[in-house]
Amino acid sequence: MPDLEVQAEALTAVLDGRWAELKRGVRAQIAEEKFRDTTELDTEAHRAQVLEQMQALARTDRPGLGYDPEYGGGGDVGGSLTSFEMLGFGDLSLMVKAGVQWGLFGGAVQLLGTARHHEKYLRRITSLDLLGCFAMTEHGHGSDVQNLRTTATFADGGFVIDTPDAMAVKEYIGNAARDGELAVVFAQLITGGESRGVHAFVVPIRIDGKPAPGVTIEDCGKKAGLNGVDNGRLSFDKVRVPREALLNRFADVAEDGTYSSSIESDNRRFFTMLGTLIRGRISVAGSAGNATKRALAVAVRYAERRRQFFKPDGEEVVLLDYRAHQRKLLPALAKTYALHFAQEELLSTLHDLGLEPPEQEQRELESRAAGIKAITTWHATSTIQMAREACGGAGYLAENLLPALKADTDVFTTFEGDNTVLLQLVAKGLLTSYKEQFSDLSPFATVRFVAEQIVESVIERTSARKVVERLATASDDDVLFNREWHLKLFEDREEHILDGVARRLRKAVEDGDPFDAFNDAQDHVLRAGRVHVDRLVLEAFTAAIARCQDPAVAALLERVCDLYALSNIEADRAWFLEHGRLTSTRSKAVVAAVNSLCAELRPHARTLVDGFAVPEQFLQAPLLDA
């Protein structure tokens, strides 16, 4: 057995990765500032505090890191998203409001606009001289952006923005209720009596602190969490904006109302536009991951000091010495490490591809971002709940941090894309191999495409099944901690499920109604998306270990990766048994292996959470002082 003794600082060096220097700078700044607990603040005081903290951030160079240097930015997209993610260690209201201002609002202006918009707005957005909103979601349409009902009709040389009915009211819009002055509004562009699909427009919503003419603003009020963010509702009563209000990177309207675009297909143009906005999805995943690390740090530290019940020799037992407690915390800790490296890989890919990547690489990036966001935020929800339970009644007290983390991260599973819809998006991409013809997210279009085309799995036909079969009869000692077996088992599972979905959809289309066919197969589609992400995450963890230059750290991470892989297999034992990938004997051996890994990693649990380098002021909880 290799020596697993390492220092937390050595783990941090590996975890910090490509943007380590930036992360050190953020931590240093956090250490210099007094932590201000939000527990006792009312909604208005919380909002005021978050705005004040935003203004402090604006005095650094980090808010503009992702913007073009020509407009005062840093040209560092990866660094920009990293700085947002780091805010996930603290008050998540600050992270969300910063993400709305500099990520969604500023990002839409940057990525959907052209030089005229960049010159007019980007510096003011960076400095916080201009606060804005990202007005996409409507009361009647959240995930189905393509069918938003707000209209932008070209007339008399400009556009008329209108909310035709209650279902078209913009809902849950960050920065709208209190501070926003300008909104990027997504609306159906209509010119010459013809609808051209959803486009984005810059629309004033406040003038001198008052709602602009024709704009109605309502406060969404108190929420379950994130009450430092001023979410509001926006509706528009024939609000006129100039022709230049259209963010025209992908399409424009001439003075006479003539529509033009470099992308001929309305569907393809829409998805190209949305594809540029994946940064918010990536930031949410990273921030959720950091909130999860914070919860685990609290729960592990508590479990090391809290004692409950006595051994026969009279010694009271530390919670973390109980196998059941280890099984609560350590597999979740292993998955958090795995998702960290998957997020790091995703972020680097986004940064390296630049603003105009090849179409297939862009589609693959969008799919990966959707999948990682879904799995990471679901993991945050379940792990923070588990950490609360692991801290007993103390974990239920607001002063001990976990209730706020639970409340604030709960919505992460549904904003920046509902997780269920995102996993369907992942599976659809896999089924269609990112074919250009496929540009519609509707169930009917998905099934029709699968029925008409030759389905090609994203996975190349490999020897995965042969490896799984070859190792099926090997001894447990040779297999259970064999990384090749883990990887091939994950790959084989994904390929089998994808092929099954494709066959099921084809047969259903031949036999009946396409919508019913897709609806009946939704469970299968979602499983395909999930197991695909599982494989990507395991591969990312494996690659990170291969890059690790510290042998002791690599050895510890190998065991953590073993725990991630085997706990995933354990959780899906029913599938592996049903499909002949595990015998009943080996299935039981997997359970035993997870137990042994928990025992082996228990002495290193504190080092593993300290390796996250959560700023100490964000771990100041009375339950850790006893």
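Residues numbered from 1 in each chain as written. Predicted model: local features only at pLDDT ≥ 70, side-chain atom pairs only at ≥ 80, totals over all residues. Heavy atoms only, no water.

Colleague: How should the packing of aromatic side chains be read in this particular structure?
Modeller: Note on aromatic pairs: each is described by the distance of the centres and the angle between the planes. Tallying each qualifying case throughout the model produces eight aromatic pairs. Centre to centre, the rings of Phe154 and Phe159 are 5.4 Å apart; their planes meet at 70°, and the pair counts as edge-to-face. Under the relative-accessibility criterion, Phe159 is labelled buried at 0%. Look at Phe341 and Phe541: their rings are 5.3 Å apart centre to centre, the planes differ by 35°, and that puts the pair in the tilted class. Of this pair, Phe341 sits in helix α9 (residues 323-353) while Phe541 sits in helix α18 (residues 522-547), and the two are 200 residues apart along the sequence. According to the relative accessible area criterion, Phe341 is buried, its value standing at 2%. Look at Phe541 and you get buried, because its relative accessible area is 0%. Among the aromatic side chains, those forming a connected cluster through ring pairs are Phe154, Phe159 and Phe201. (Phe/Tyr/Trp six-rings, centres within 6.5 Å; stacked < 30°, edge-to-face > 60°. Buried < 20%, exposed > 50% of the residue type's maximum accessible area, 1.4 Å probe, protein only. Helix = DSSP H or I, 4+ residues; strand = E, 2+ residues; numbered from the N terminus.)

Colleague: What is the right way to read the confidence of the model for the protein chain from this model?
Modeller: Caution applies to low-pLDDT parts of the model: their predicted coordinates are not meant to be read in detail. Averaged over every residue, the pLDDT of the protein chain is 90; the share at 70 or more is 92%. This stretch, residues 434-441, has a pLDDT under 50; its non-local contacts, to residues over four places away or in other chains, come to 28 contacts. Confidence drops under a pLDDT of 50 for residues 453-462, and excluding neighbours within four residues, the segment shows 25 contacts in the predicted structure. (pLDDT = per-residue confidence, 0-100. Contact = heavy atoms within 4.5 Å.)

Colleague: Help me out: how do you make sense of the environment of Tyr121 in this one?
Modeller: You can see Tyr121 is positioned in helix α6 (residues 115-127). Taking relative accessible area as the criterion, Tyr121 reaches 8% and is therefore assigned buried. Between the alpha carbons of Tyr121 and Gly232 there is a distance of 22 Å; along the sequence they are 111 residues apart.

Colleague: Which parts of the structure should I look at to understand the packing of helix α5 (residues 92-112) against α6?
Modeller: The description of two helices packed together rests on the angle between their axes and the distance between the axes. Running from N to C, α5 and α6 point in directions that differ by 170°, and their axes come no closer than 10 Å. In terms of orientation, α5 lies roughly antiparallel with respect to α6. Facing Gln101, Trp102, Phe105, Gly106, Val109 and Gln110 of α5, the residues of α6 in contact are His117, His118, Tyr121, Leu122, Ile125 and Thr126. (Axes fitted to C-alpha atoms, helices over the stretch in contact; angles between N-to-C directions. Parallel < 35°, antiparallel > 145°, perpendicular 65-115°, else oblique.)

Colleague: Got a minute to help me understand helix α2 (residues 20-32) in this structure?
Modeller: Along an α-helix, a turn takes 3.6 residues, which lines up residues three or four apart on a common side. Helix length check: α2, at 13 residues, gives a terminal C-alpha distance of 19 Å against a target of 18 Å (1.5 Å per residue), a fit within 8%. Regarding α2, the residues found buried are Ala20, Leu22, Lys23, Val26, Arg27, Gln29 and Ile30. Looking at the packing, one finds that the buried side of α2 touches α1 (8-16), α4 (77-86) and α9. (Expected span 1.5 Å × (residues − 1).)

Colleague: Just to check I follow, could you spell out the sheet that holds strand β10 (residues 232-236) for this structure?
Modeller: Pairing between the strands of a sheet comes from backbone hydrogen bonds, and it takes one of two forms, parallel or antiparallel. The three strands are arranged β4-β10-β9 in an open sheet whose pairing can be described as antiparallel. Each end of this open sheet is capped by a strand with a single partner; those strands are β4 (170-173) and β9 (215-219). Each strand axis lies, on average, 25° off the axis of its neighbour in the sheet, ignoring direction. Relative to β10, β9 runs antiparallel, the two sharing five bridges. Opposite Glu218, over in β10, you have Arg233 as the bridge partner. (Pairing = 2+ DSSP bridges.)

Colleague: Looking at this structure, how should I read the pattern of salt bridges?
Modeller: Side chains that carry opposite charge are capable of pairing whenever their charged atoms lie near each other. Under the definition given, this model contains 41 salt bridges. Asp16 is the partner of Arg27 in a salt bridge, and the nearest nitrogen-oxygen pair spans 2.9 Å. Residue Arg27 is found in helix α2, and its partner Asp16 is found in helix α1; the two are separated by 11 residues along the sequence. Each member of the pair Arg27 and Asp16 is classed as buried. A salt bridge links Arg363 to Glu359, with the nearest nitrogen and oxygen atoms 3.8 Å apart. Of this pair, Arg363 and Glu359 both sit in helix α10 (residues 359-390), four residues apart, which is roughly one turn of the helix. For Arg363, a relative accessible area of 17% translates into the label buried. For Glu359, a relative accessible area of 25% gives the class partly exposed. One salt-bridge network, in which partners are shared between bridges, spans Glu44, Lys97, Arg178, Asp179 and Asp230. (Salt bridge = Lys/Arg side-chain N within 4 Å of Asp/Glu carboxyl O.)

Colleague: How should I be thinking about the nonpolar core in this particular structure?
Modeller: For soluble globular proteins, nonpolar side chains are generally found buried alongside one another. Core analysis: the largest hydrophobic core is formed by 195 residues, its most contacted members being Trp102, Phe159, Ile161, Phe186 and Tyr337. In terms of residue count, α9 provides more of this core than any other element does, 14 residues in total. Apart from residues lying up to four places away in sequence, Tyr337 is in contact with Leu11, Leu15, Phe541, Leu557, Val560, Leu608, Gly611 and Phe612. (Core = buried A, V, L, I, M, F, W, Y, C linked by side-chain atoms within 4.5 Å.)

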